[in-house]
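# Residue-level structure breakdown
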Amino acid sequence: METKTWTTCPFCGVGCGIVVHTREGRIRWVDDDPANLSSRGMLCVKGRFGTTFVQHPDRLTTPLIRRGGEFVPATWDEALDLIAERLPAFRGRFGSFASAKATNEDAFVQQKFIRLIMGTNNIDHCTRLCHSPSVEAMLDQLGSGATSNSYSDYEEASCLVLVGCDPGSNHPVIASRMRKAVDEFGTRLVVVNPKRIDMAERADIFLQPLPGTDVALFNGMARAILDEGLEDRAFIAGRTEGFEAWRAAVLERTVEEYAAVCGVGVADLREAARLYAAPPPRRGLPPGERPGSCLAWGMGITQHAHGTDNARALINLALLTGQLGRPGCGISPLRGQNNVQGCGDAGCIPDSLPGYQPYAGDVAAIFEEAWGAGIPREPGIKATDMVERIEAGDIRAMYIVGENPLLSEPNLAHAGALFRQLDFLVVQDLFLHETAQLADVVLPACSFAEKDGTFTNSERRVQRVRPAIPPVGASRPDWAIIADLARRMAPGAGIDPRQFAYGSAAEVFAEMARLTPQLRGISYERLDREGGIQWPCPNPDHPGTRFLYADRFPRGLGKFVPVRQAAPAAELPDSAYPLVLNTGRVLYHWHGGTITRRVQALVEQMPEVPVAIHPDDAARLGIDEGVEVVVRSRRGRLTGKAVITDAVREGSVFVPFVKLQESAANFLTNNAYDEPSRIPEYKVCAVRVEKKRPRPVGAIGAPPTASRGR
Ligand code: SF4
């Protein structure tokens, strides 16, 4: 008999509802869920056809312990006892990565283990690699690091501005709602992207700036708004601070000068500014309602050596125009992974406790009382710094859950060399991926389809995850594995083991909600009865919050921060490496591809890494469509297939960061970092491209990869 389970898609941050159809313990097919409040019956190709990875033969089915250089199957007791015996020696030199693919409950128990048992705040997750600059800027300028609006606001906006993102590939269901706004309601569309994405075909204005010139672009828009008197003076006077100092910085250049820096047309820049600040009303806008604009951005903004300044420049624009705190407007850093919002909410970041609460004062005391012990009060080390500080000895052991840094870190050859220096590495995941192959102990975790829990999507909506099939092999939910380990280590750390005696995911959620004001009104009972609920939801009678900042910002006043255009990137083209590499994602794969490389239907759509190159560059280099090309940077090389397209600017190449056939963009990318977020500059580095030469007769061997054991 077929069974249906209502749960949440495990791929991107849109958080679509899915219905998993199973028979005899196997997933048969996946359908959409018309009742889901975020996706309203829509799904993309990954949600509908991408879940076959769950029962792929590569799934880890038993713990593994490295003995004599080889992995040997072990029992749970053997594996967890070994970890419990080894880890205490690394207190003070230890770090942990959490997973934005795992549930809120998994994340909450992991950060509690790291803080309480390991005595450190050295915990982080992949937000460091995607939206940490957005979060830094939003926390500083507004007091909250979340998307301010809901997906429904895209449909109610009179203008959408999409910057450095490609929703058609990365957030397809959001893209559908945006297309609907443009096609049905006449919503104006501005697209800013160095690559001509498919949404640009619908745009009123498409700006294709030179890589790394975003601050100049947004300051140019601000200058144009000021020149034409389109700023929202009442909002600036009543809701913000720092306006005059910021204005003085923007007025240092003219719109013409800003446009020249970015390589865009002056008239287009001015029109984009007008549309954002004062869009004409969309069709059906209620009488008397001010037309709103939504500003959405992606990693094209953040993954730069000045990513935080880029995000600040965008937030300044929203404050200048008062496009916040009403229906049909707001700011959206579009989240990549399914639960990157929730993983941060649950406290898997080095600089705050669950709910972004500070270590200082009363808040930490509340946690200490609840947990019956002291917690560290100093901010921990950020993910990228944990890796960079292995060599110095600051980090000698790591516990990595659901992440594969040997695909996601920049400059992979460098990262691989560092990970090999660790004294002890535990990896808990679904597959024996590149990082797991270096581990001392590997623990098999359940996938989303085998466990209870919640994910929180890009519009702050907490949604249920429910088990559709039994655990594969001996795999267990992440929270249950870590709680078991914590109970073994608790007596040695002076902690009451009952702190980790959870009987269910619901018990974990209840503790998280008790300690996190923004979640306090949410429970499994409510989620099961009402569907997903958007935080803040401070009490059980609260309906949840569609948009933030209606009356005030969490920090009080919104803060303008002056930013000026710096050098476009840490590494610029030269005669040896004359092209600029831009990286990003594609519809058919997800991030580094650890999961989607194990979905045959998706691999068939894109079996090799495409290298997009402008026709003029291709002609100069003698490269034809579809030929194999080698892309080299100062750090490494990859082989891919040439795609000749004027969607990329002349002088640029675009390579998605999925790893296919041993080729991955992160062998090329630069481990230069933004301050203060410490995000790597994935979006810009210097490369050269050449046709792949045939291998000489008799040559043997393969290029070095990061996938060999220690
Ligand atoms: Fe899943 Fe994102 Fe596709 Fe929705 S848009 S089905 S959440 S991958």
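See the structure shown above.
Here the structure is a predicted model, which means the values were calculated and not measured. (Residues numbered from 1 in each chain as written. Predicted model: local features only at pLDDT ≥ 70, side-chain atom pairs only at ≥ 80, totals over all residues. Heavy atoms only, no water.)

The next subject is the layout of surface pockets. For the second largest pocket, the calculated volume is near 400 Å³. Lining the second largest pocket we find 21 residues, and of these Ser144, Gln518, Trp535, Pro536 and Pro554 sit closest to its centre. Residue composition of the lining of the second largest pocket, grouped by class: 12 nonpolar, 7 polar and 2 charged. (1 Å grid on protein atoms, 1.4 Å probe; cavity = no way out; pocket = protein on both sides within 12 Å on 5 of 7 lines; lining within 4 Å. Points joined across faces, edges and corners; volume = space filled by probe spheres on them. Nonpolar A, V, L, I, M, F, W, Y, C, P; charged D, E, K, R; others polar.)

We now examine the environment of Pro376. Take Pro376: it is sitting in the loop between α17 (361–371) and α18 (383–388). The exposure class assigned to Pro376 is buried, which follows from its relative accessible area of 18%. (Helix = DSSP H or I, 4+ residues; strand = E, 2+ residues; numbered from the N terminus. Buried < 20%, exposed > 50% of the residue type's maximum accessible area, 1.4 Å probe, protein only.)

In contact at an axis separation of 9 Å, helix α12 (residues 255–262) and helix α13 (residues 266–277) are set at 110° when each is read in the N-to-C sense. The angle between α12 and α13 falls in the class roughly perpendicular. Packed against α12, whose contacting residues are Val255, Glu256 and Ala259, the element α13 presents Val266, Leu269 and Arg270 at the interface. Here the residues of the contact of α12 with α13 sort into 4 nonpolar, no polar and 2 charged. (Axes fitted to C-alpha atoms, helices over the stretch in contact; angles between N-to-C directions. Parallel < 35°, antiparallel > 145°, perpendicular 65-115°, else oblique. Contact = heavy atoms within 4.5 Å.)

Below, the discussion takes up the nonpolar core. Judged by nonpolar contacts, the single largest core of 146 residues is most densely connected at Ile83, Phe113, Tyr399 and Leu443. Among the elements that take part in this core, helix α9 (residues 214–227) stands out by supplying 9 residues, more than any other. Those residues in contact with Phe113 that lie beyond four places of it in its chain are Leu87, Met118, Tyr399, Ile482, Leu485, Ala486, Met489 and Phe500. In terms of nonpolar packing, the next biggest core, distinct from the first, is built from 43 residues, Ala157, Ala181, Leu334 and Phe455 among them. (Core = buried A, V, L, I, M, F, W, Y, C linked by side-chain atoms within 4.5 Å.)

This part takes up the site of the ligand. The ligand sits among Cys9, Phe11, Cys12, Gly15, Cys16, Leu43, Cys44, Gly47, Pro172 and Val173. Considered class by class, the residues forming the shell around the ligand number 8 nonpolar, 2 polar and no charged. (Near = heavy atom within 4 Å.)

Moving on, we get to the packing of helix α3 (residues 104–117) against helix α22 (residues 505–515). Where α3 meets α22, the closest approach of the two axes is 9 Å, and the angle between their N-to-C directions is 70°. Accordingly, the angle class assigned to the pair α3 and α22 is roughly perpendicular. Handedness of the α3/α22 crossing: left-handed. Contacts between α3 and α22 pair Asn104, Glu105, Phe108, Val109 and Lys112 from the former with Ala505, Val508, Phe509, Glu511, Met512 and Leu515 from the latter. Split into classes, the residues belonging to the contact of α3 with α22 amount to 7 nonpolar, 1 polar and 3 charged. (Left-handed = near helix turned anticlockwise from the far one by under 90°.)

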